[in-house]
Structures are given as structure tokens and as C-alpha cells.
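Single-letter residue listing:
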Amino acid sequence: MMIRSALAGLVLLTSAPTLAASRPRYGGELRAAHAGPPEIGEPALADTPMEAALLGLLTRPVCRVDADGRIHPTLARELSRPVPQALRVALPSPVSATAVARAWTRLSSPDALSPYRALLYPLRGEGRQVTSSGATLELALAFPWPDLERSLCHPALAPPPSPASGPFSAAGRGVLEAQPAWPEGRPYLDRLALTATDERGLTRLWSARQVQVELGTPPDNDTLTGAALYATYLAYSPRKVPTDFRQAFESAIDRDDLTRLFVKGPAVPMPNLLPPALLPQGSKARPAAPPTGTTRKVTLAYDAALADQRAVAERIQVKLHEQGYTVALEPQSRAALRGRQARGDFELMLSALLLPPIPGPALAVVLEAGGRRDLLGVELPPIGALADAGARDARGRERALALAPSVPLIPLYAQGLGLRAAPEVSGLMLDAQGLPVLEGAWLSPVEASGGGGRQ
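All of these numbers come straight from a predicted model, not from anything done at the bench.

1. Overview of the packing of aromatic side chains
Right, on to step 1. Under the criterion given, the structure shown has seven aromatic pairs.
Right, on to step 2. An angle of 70° between the planes, with centres 5.6 Å apart, marks the rings of Tyr188 and Trp442 as edge-to-face. Of this pair, Tyr188 sits in the loop between β9 (175-178) and β10 (191-197) while Trp442 sits in strand β21 (residues 442-443), and the two are 254 residues apart along the sequence. Neither Tyr188 nor Trp442 differs from the other in exposure class; each is buried.
Right, on to step 3. The interplanar angle of 35° and the centroid separation of 6.1 Å between the aromatic rings of Phe245 and Phe249 together place this pair among those described as tilted. Taken together, the residues span about one helical turn, with Phe245 and Phe249 both in helix α6 (residues 245-252) at a distance of four residues.
Right, on to step 4. In this structure Phe249 comes out as buried when scored by relative accessible area, which is 1%.
Right, on to step 5. Put simply, the rings of Tyr236, Phe245, Phe249 and Tyr325 pair up and form one aromatic cluster.

Next up, the structure:
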């Protein structure tokens, strides 16, 4: 189905309510700036909200979930259930089907060491035997899993970028052009001009009206904020840290202060295994600190590409020192962190995951990341056996609370993506994953009258 009718009435920029009746216009170039890296590659590693949003311009999974929970085919033309325990995915071409099958097979391989392979666990063979027949994927399930379609919409399951895998294609440095044959329908815009900068650069470009969309902006009255599903945990190895470590950490860390003072952008404290967007958060009493004995030395690894993680790691270093720990900090690449976490080759590690917007699949990813893959076959089938979506979500939340003490992940905070747009940008919306759907945006006639428009 084309995205036109779905988007024409969805104008989220409340600063210009008169634009709700504007008719979508084809054409034009939208200028956008973003904070963060200019080059994004592997979908399973590009999992910050910013990276997923940028990579999503060039490649998409087979579907997306809108803010109301409805599933829309994107790269796929159709998703259908010929029988309850099978899913048929029709793609635009055999080339697309082969690319998706290869991406999923690679992700689910034991050598991939990715927490997102848990999204494919309900498939027969745990996703390691996905093959294409012409332009179609026939997916057989090992047990009932009604949330499979929503799981497959996760950005980590997108194939590598190719000329036909996303709504836009690269046309030079920082320039993307619309894909006329995109299955959801050709984007309204002709081009996107992207500028990578830092926070100061974002402010300067926005103030000078040199850009019309700003990704990664701090929250304020004009900011749209996506769902906070990028969850950061402190992973620890029970074999390598003292048995009272978790108690010592919980007694030392105030999540509200940690989030407010050391995490930039839209963020919320996360005291439970799933973020507040998926699990209502209750107050959590801080335990008394265990008696301190001799000084204990540990190493805390973190993502060298994320400034937030560096600041949080330094804060943890200070607070644990008060509990008798000497903490050495070790910046690592994301690929190295994922490999070490999967192998258990660490003492402490900051681990961040882009969770799907449904409790059951999100719990699966968290269990995989926490080294409790052994629980997937125990926990997922009873969730999938529930036909009602609300009952499945409730069961997922219940099990997340019950399993938290047995998973060596200490939840810290969850983040979303902040963005803002000029008045002439209409039709911009956020999906359930908290990412912008830029292919549905168009330039309103207000720009012609000088209302923050292009030069």
C-alpha cells in the first residue's frame, strides 16, 4: 500500500497547525543536520537511535510498526500467514529476497555474537536456515509467536544498503535521492541533503535557518521525542566480580542523578530490566552497601564512540571507588564489545541495546545480551501461546520482573531520539521504534511565503 493516504493527515508539527490541511507536494530538497558519525554501516551494529535513523534512509527491514502498533510492509511488498505457524514474506525481487535471507542467516549464526539474533529464535532452526524461493521467504516457526511480524520490523534485521533496499539512495557525499520504485511508494522529496556536525554546529545551523530538520537535538518545547527504547545496562560477569558487587553498585548509584547529569538528549532512568516505555516503573529502594574490605580491582569496558557512555563510565568509576573498588576504564569498538560480551570475556561493561517496541521480543533480546540464551526456549513459548496481544505483553512484563535477579545486567537508563523541524516541513512522523519516517515528509507551500523556507 502506498504511504500517501496514511501520511496525508498525520502532521505532528503542532507549531504550525494550519498546515494540517496542506496537500502533499512532490519534489524539493530537504536539508537536515545530525549529530554523530557521518558513515553508518552494518545494521546490527548501527543501533543507536541516531544511527538507526540514518541507516534507515538507505536500507530498511521488511516492515515497520507505526505509533499505533499497525504493521506496514516497507522493503517487503506483503507479509501473510498461510498457516498460524508460518509467515510468507513477499519481496520486490529475487535479489531483495536473497539479500534479506543472507542478512538474517548471518545475524543468527553462532559466530555473529549479536544480541539481536534472539529476534529470530522463534523460527525453525533459530533463523539459521532462512532461504528464499524466487522473491519470497517462507518462514516456519518452531512454536507459536504472534509477534513475529513486529520482531522482523527491527532495524537490526535490515539487509546491507543496496540501490533498492531503502527509500533513498546515496547520490554523492551527504546527498540522498528518492527511490522511485520504493515498495511503500516514492518519497515525496526529491532529495535529502545531510550534514554531520556536533552539538554546537546543530545550534548554529538551526539558528541560521540553514537546515529544516535537526536530528539529535536536546529536548525542549519544540522537540519531537521518539520512544526511549535504547536501553543501557551495566553488564557484569558473575565469575569475575565479587558476589556482593550488584548490592554495592545499587547502593552507590542514583539513576535519576546519573541520567540527569551525565546523559545527553532525551533519557529516562531505568530501574527495571525493560525501559519505562515497555514496563511501568515503580520506585526501587536502594539497598544498604555491603561492608567494604580490601580494595578490589575491576575493568569497565565501554563504547568508545559514545560520549554518554564515557561520562557514565567515569561517574561509575568515582561511585564504585567509594565502595572499595578501583575501576580501570577501557574504551572499545562496538564490534569488540559485542564479541566480548557474548563470550563472557569481561568484568564490567556498559551494554546498550535498541529494544523492539513489544515486551516479549524485547525480553528475548535482553536475555540474549545477558548471556541467558538458555532461558529463551523456556520463556518465549508460553508468551507466544497467548493469542491476545495484551496478555502476551503482560506476560512479558511479568517475566522481565521475575527474571531480573538472574540476569547479570543492571539497568541504568533508556534514551530516545530528539528532532525538530521547520514550519514548512509537513507529514513528519515517528514510528513505534522512535525513529523518523522521513520518506513521508513533504515541503509545504508556507516555504514560498518566507516562513522559514529555503533560499
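Here the narrative resumes, following the displayed structure.
2. With respect to helix α11 (residues 376-384)
Right, on to step 1. For α11, the full list of buried residues reads Leu376, Glu379, Leu380, Ile383 and Gly384. The arc enclosing the buried residues of α11, seen along the axis, measures out at 120°, which places them on a common side.

3. Things to note about the pattern of salt bridges
Right, on to step 1. Scanning the model with the defined rule gives 27 salt bridges in all.
Right, on to step 2. Among the ionic contacts, a cluster of salt bridges with common partners joins Asp47, Glu51, Asp303, Arg334 and Arg338.

4. Some details on the confidence of the model for the protein
Right, on to step 1. In this model, the protein carries a mean pLDDT of 88, and residues with pLDDT of at least 70 account for 89%.
Right, on to step 2. This stretch, residues 1-21, has a pLDDT under 50; its non-local contacts, to residues over four places away or in other chains, come to 37 contacts.
Right, on to step 3. Ignoring residues within four places in sequence, the model shows residues 447-455, a span with pLDDT below 50, making 19 contacts including any to other chains.

5. Structural notes on the pairing of strand β16 (residues 325-332)
Each regular strand shows side chains that alternate between the opposite faces of the sheet.
Right, on to step 1. As paired elements, strand β15 (residues 296-303) and β16 share eight bridges and run parallel to each other. Bridging from a neighbouring strand, Thr299 pairs with Ala328 of β16.
Right, on to step 2. Handedness of the crossover is the feature at issue here: the chain leaves β15, passes through helix α8 (residues 307-321), returns alongside β16, and the resulting connection is right-handed.

6. Looking at empty space enclosed by the protein
Gaps between atoms show up when a probe of the same size as a water molecule is rolled over them.
Right, on to step 1. Evaluated as defined, the whole model comprises two cavities of 30 Å³ or more.
Right, on to step 2. Along its surface, the largest cavity is lined by 22 residues, and Arg60, Pro61, Pro155, Asp431 and Leu435 are the ones closest to its centre.
Right, on to step 3. For the lining of the largest cavity, the secondary-structure elements that each account for two or more residues are α2 (49-55) and β2 (63-65).
Right, on to step 4. Looking at side-chain class alone, the lining of the largest cavity contains 16 nonpolar, three polar and three charged residues.
Right, on to step 5. For the second largest cavity, the calculated volume is near 80 Å³.
Right, on to step 6. The set of elements that each furnish at least two residues to the lining of the second largest cavity consists of α9 (334-343) and β17 (348-354).
Right, on to step 7. Tallied by class, the residues present in the lining of the second largest cavity amount to six nonpolar, three polar and three charged.

7. Some thoughts on the nonpolar core
Right, on to step 1. Counting 98 residues, the largest nonpolar core has Val62, Trp104, Leu137 and Leu152 as its most contacted members.
Right, on to step 2. Sorting elements by how many residues they give to this core places helix α10 (residues 359-369) first, with seven residues.
Right, on to step 3. With residues near it in sequence (within four places) discarded, Leu137 still touches Leu87, Arg88, Val89, Leu91, Ala97, Val100, Ala101, Trp104, Val130, Thr131 and Ser132.
Right, on to step 4. If you look at the next biggest cluster of nonpolar residues, it comprises 23 residues, including Ala248, Ile253, Val263 and Leu412.

8. Brief notes about the state of the cysteines
Right, on to step 1. Overall, the coordinates contain one disulfide when judged by the stated rule.
Right, on to step 2. Between the sulfur of Cys63 and that of Cys153 lies a disulfide, 2.0 Å long from S to S. Because the sign of the S-S torsion sets the handedness, a value of about -115° for the bond joining Cys63 and Cys153 places this disulfide among the left-handed ones. With Cys63 in strand β2 and Cys153 in the loop between α4 (148-152) and β8 (168-170), this pair connects stretches of sequence that are 90 residues apart.

Rules and cut-offs
Residues numbered from 1 in each chain as written. Predicted model: local features only at pLDDT ≥ 70, side-chain atom pairs only at ≥ 80, totals over all residues. Heavy atoms only, no water. Phe/Tyr/Trp six-rings, centres within 6.5 Å; stacked < 30°, edge-to-face > 60°. Helix = DSSP H or I, 4+ residues; strand = E, 2+ residues; numbered from the N terminus. Buried < 20%, exposed > 50% of the residue type's maximum accessible area, 1.4 Å probe, protein only. Arc of directions from axis to C-beta. Salt bridge = Lys/Arg side-chain N within 4 Å of Asp/Glu carboxyl O. pLDDT = per-residue confidence, 0-100. Contact = heavy atoms within 4.5 Å. Pairing = 2+ DSSP bridges. Right-handed = clockwise from strand over helix to strand, strands pointing away. 1 Å grid on protein atoms, 1.4 Å probe; cavity = no way out; pocket = protein on both sides within 12 Å on 5 of 7 lines; lining within 4 Å. Points joined across faces, edges and corners; volume = space filled by probe spheres on them. Nonpolar A, V, L, I, M, F, W, Y, C, P; charged D, E, K, R; others polar. Core = buried A, V, L, I, M, F, W, Y, C linked by side-chain atoms within 4.5 Å. Disulfide = S-S within 2.5 Å.

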